[in-house]
Amino acid sequence: MSTPAEPANLMEALVSLAKRRGIIYPSSEIYGGLNGFFDYGPVGAELKRNIRDCWWRDMVQRRDDIVGLETSIIMHPKVWEASGHVAGFTDPLVDCKVSKQRYRADQLFWAKVVVEGIVVTQTTTEKVVSTLEGDDRSKHIHTHYDLPTIGYVSALESERTKEELFEKAEQLRRKKHVQGKLLPLEVKDFTEATEAEIALIPSPATGEPGSLTPPRSFNMMFQTNVGAMSDASSVAYLRPETAQGMFVDFKNVVDTTRVKLPFGIAQIGKSFRNEITPRNFIFRSREFEQMEMEYFIHEDADWAQCHEEWIVWCENWLRSIGLPDSHLSRYTHPKEKLAFYSRGTVDIMFKYPFGVQELWGIAARGSYDLTQHAAASGKPQEIFDEATKKKFTPHVIEPAVGVDRILLAVLAAGYAEEDVTDDKGNVEQRTVLRLSPRIAPVKVAVLPLLKNKEPLTARARALHAKLRRRYAVQYDDGGAIGKRYRRQDEIGTPWCVTIDFDTIEKPGDTFTLRERDSMQQRRITEAELFALLDEQVY
RNA sequence: GCGGCUAUAGUUUAAUGGUAAAACCUCUGCCUUCCAAGCAGGUGUCGUCGGUUCGAUUCCGACUAGCCGCUCCA
């Protein structure tokens, strides 16, 4: 009997297991680690490779309409200017030191409040006078008529930013007991404030000046230099997405591979983003691996239907590697929040231990990317339509997913701690990773029942040698048999075959096949074992 | 980047101002006829750097990393 159960803190359990079993290590650990970077250990490397291979086989090799591509990680810097990443990845941010709020500088607006006319309040007059001497006093007061800046106001970007600023300015005028008429406000955003002004602009949270920091720029792209000289002309970027490779090589693929619309170009590769806050283990890291596909369609095609078909394809693929429906959902981006070039974006969400988060984004991008590159490079990115005899720029549907996010999802969905009751009634805990045979790092463990009986180990080694030609398998003769089963459970090995005395003493050359999830055993021949693997590991 | 909490063996945790302990894991040998058995043995720079102190794993500071919240994720 076994009872599946989720541990109280699933993430902690996963991080611990990942380290203990060689799935994921912190990067550069002996030097104290490096925030946002991770290494995949021997077991993790197999798991990750299997996820990539499954995707590539299903997305590229088993389809007629999609071809693969591998572009360089460092591309011409103009690629990222054309794509909008150089501008779009720079988000200057402002912190309020008192309220601990953070604002985007381009969404925080402010204005100097200037009042037309004479400053008549007693306090203000005295202040001005005290800085003057002798006969100059009256004269100087007079010349200050046109100087009365009474303060600053700020407001966040909204539909009524200007009204809000005006109201605040009016409040400020009354609060300071200043007579006169407000001059029209000159609204600027925070990126345009000088150092002196920053000290005087009030925080929208507190209404008091002096707590805002100067805007700090966070460019999400990692910069590097190409060539021996490090100057402005040699600046290059590590790609923040693989997609631009497909757009930039679009014409090459069209001209050299006989593809016809609709068709897709797929790529798997590393991308880099200098995330402000890497979080949640490998979910958001600074170096990660993407699997992206750009599906090009005719400009007159029914993009919405194509979009929906790809969403369904992606959902089915996630199921095929073992993610349960109970953890999957959809999020449709609201129209008003879409990027201006996007016609629609749907995210397939996964219920991670830390919340429901984006796993796979399927975006309808129109012809934005190809059009941008055509304009920036001066080379049209068009296809000739034989029917209408006209050239046009194709539109694109882009399913983009992170390998690391899938890997974390299969770990989270597959991890279980079960209470197992043995024959004597003792309850013990069993940790098991229920990974699909498609992606399991080890498909079969070959176990001689006893280590010190040569006929058993000889048969086991022979089987192991034969299996390993086609599948990732392990040979393990250490310790008691039950311990070896549990060891394989922890890395998600779907099957163990045990070479026992029946194998060598009885006719039929059968082994014990032990199944991971049910722990059930049955006898199986070598031919049946290979047939099972051929069917399940695809 | 800000705030709060944290850092002892591969993992999970103890104890201590006088150079550290347990369990599990792992490795070696013996044993073992199916679910983490037993026996014997091996494996440890208390995250890093500085300060206080005769002496710091322990107290203080900085840094690094992790968790939570804010922010960000085109």
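Quick caveat: nothing in here was measured; it's all calculated off a predicted structure.

Engineer: Give a detailed account of the confidence of the model for chain A, specifying residues and quantitative values.
Structural biologist: Per-residue confidence for chain A gives a mean pLDDT of 83, with 86% of residues at or over 70. In the predicted structure, residues 1-5 sits below a pLDDT of 50 and forms 13 contacts with residues beyond four places in sequence or in another chain. Predicted confidence for residues 120-147 stays below pLDDT 50, and this span has 17 contacts to residues more than four positions away or in other chains. Across the assembled chains, the prediction reports ipTM 0.86 with pTM 0.81.

Engineer: Can you explain the packing of aromatic side chains? Please cite residues and give values.
Structural biologist: Centre distance and the angle of the planes are the two values used to describe a pair of aromatic rings. The final tally for this structure, using the stated rule, is 14 aromatic pairs. Here the aromatic rings of Trp110 and Tyr152 are separated by 6.0 Å at their centres, their planes lie at 40°, and the arrangement is tilted. Highlighted residues: Trp110 in strand S7 (residues 108-116) and Tyr152 in strand S8 (residues 149-156), separated in sequence by 42 residues. By relative accessible area, Trp110 is classed as buried at 2%. Judged by relative accessible area, which is 13%, Tyr152 ranks as buried. On the numbers, 5.0 Å between centres and 70° between planes, the contact of Phe283 with Tyr352 is edge-to-face. Taken together, the positions of Phe283 in the loop between strand S13 (263-272) and strand S14 (287-297) and Tyr352 in strand S16 (residues 344-352) put the pair 69 residues apart, joining distant regions of the chain. Note on accessibility: Phe283 and Tyr352 belong to one class, buried. An aromatic cluster of three or more residues is present, and its members are Tyr295, Trp310, Trp313, Trp317 and Trp360. The ring of Phe283 carries Arg405 above its face, with NZ or CZ at 3.8 Å from the centroid.

Engineer: I'd like a rundown of the pattern of salt bridges, residues and numbers included.
Structural biologist: A full pass over the atoms with the stated rule returns 31 salt bridges. Between Glu308 and Arg330 there is a salt bridge, with the nearest N and O atoms lying 3.1 Å from each other. Placement of the pair is Glu308 in helix H11 (residues 303-320) and Arg330 in strand S15 (residues 328-332), with a sequence separation of 22 residues. Salt-bridge contacts for Asp517 lead to Arg516; the nearest nitrogen and oxygen are separated by 2.7 Å. Given a relative accessible area of 29%, Asp517 falls into the partly exposed group. One network of salt bridges, in which partners are shared, links Glu418, Arg430, Arg434, Asp489, Arg514, Arg516 and Asp517.

Engineer: Mind laying out the nonpolar core, listing which residues take part and the relevant values?
Structural biologist: Counting 61 residues, the largest nonpolar core has Trp55, Trp310, Trp317, Trp360 and Ile406 as the members making the most contacts within it. Per-element accounting of this core gives the leading share, eight residues, to helix H13 (residues 403-414). Here Trp360 is in contact with Trp55, Trp313, Cys314, Trp317, Leu318, Val346, Asp347, Ile348, Pro399, Ala400 and Val401, once residues within four sequence places are set aside. Of all hydrophobic cores here, the second largest spans 20 residues; its members include Leu456, Ala460, Tyr471 and Trp495.

Engineer: Describe the environment of Arg468, listing the residues and the values that go with them.
Structural biologist: Here Arg468 shows up in the loop between helix H14 (454-467) and strand S24 (473-475). Along the chain, Arg468 and Lys443 lie 25 residues apart, while their C-alpha atoms are 9.8 Å from each other.

Engineer: Break down the state of the cysteines for me, with residues and values.
Structural biologist: Under the defined criterion, the tally for this structure stands at zero disulfides. Here Cys306 stays unpaired: no disulfide links it, and the sulfur of Cys314, its closest cysteine neighbor, is 11 Å away.

Engineer: Explain the sheet that holds strand S20 (residues 395-402) to me, and be specific about the residues and the numbers.
Structural biologist: Working definition: the strands of a sheet are paired by backbone hydrogen bonds and lie parallel or antiparallel to each other. Ordered in space as S4-S13-S14-S20-S17-S16-S15, the seven strands form an open sheet in which the pairing is mixed. Edge strands, defined here as strands with exactly one partner in the open sheet, are strand S4 (66-68) and S15. Taken over all neighbouring pairs, the strand axes of this sheet differ in orientation by 25° on average, direction set aside. The sheet contact formed by S13 and S14 spans ten bridges and is antiparallel. Residue pairing in the sheet places Phe272 in a bridge with Glu287 of S14. Against the sheet, H13 touches S14, S16, strand S17 (355-366) and S20, its axis set at about 35° to S16.

Cut-offs applied
Residues numbered from 1 in each chain as written. Chains lettered and ligands numbered in written order. Predicted model: local features only at pLDDT ≥ 70, side-chain atom pairs only at ≥ 80, totals over all residues. Heavy atoms only, no water. pLDDT = per-residue confidence, 0-100. Contact = heavy atoms within 4.5 Å. Phe/Tyr/Trp six-rings, centres within 6.5 Å; stacked < 30°, edge-to-face > 60°. Helix = DSSP H or I, 4+ residues; strand = E, 2+ residues; numbered from the N terminus. Buried < 20%, exposed > 50% of the residue type's maximum accessible area, 1.4 Å probe, protein only. Lys NZ or Arg CZ within 6 Å of the ring centre and 35° of its normal. Salt bridge = Lys/Arg side-chain N within 4 Å of Asp/Glu carboxyl O. Core = buried A, V, L, I, M, F, W, Y, C linked by side-chain atoms within 4.5 Å. Disulfide = S-S within 2.5 Å. Pairing = 2+ DSSP bridges. Axes fitted to C-alpha atoms, helices over the stretch in contact; angles between N-to-C directions.

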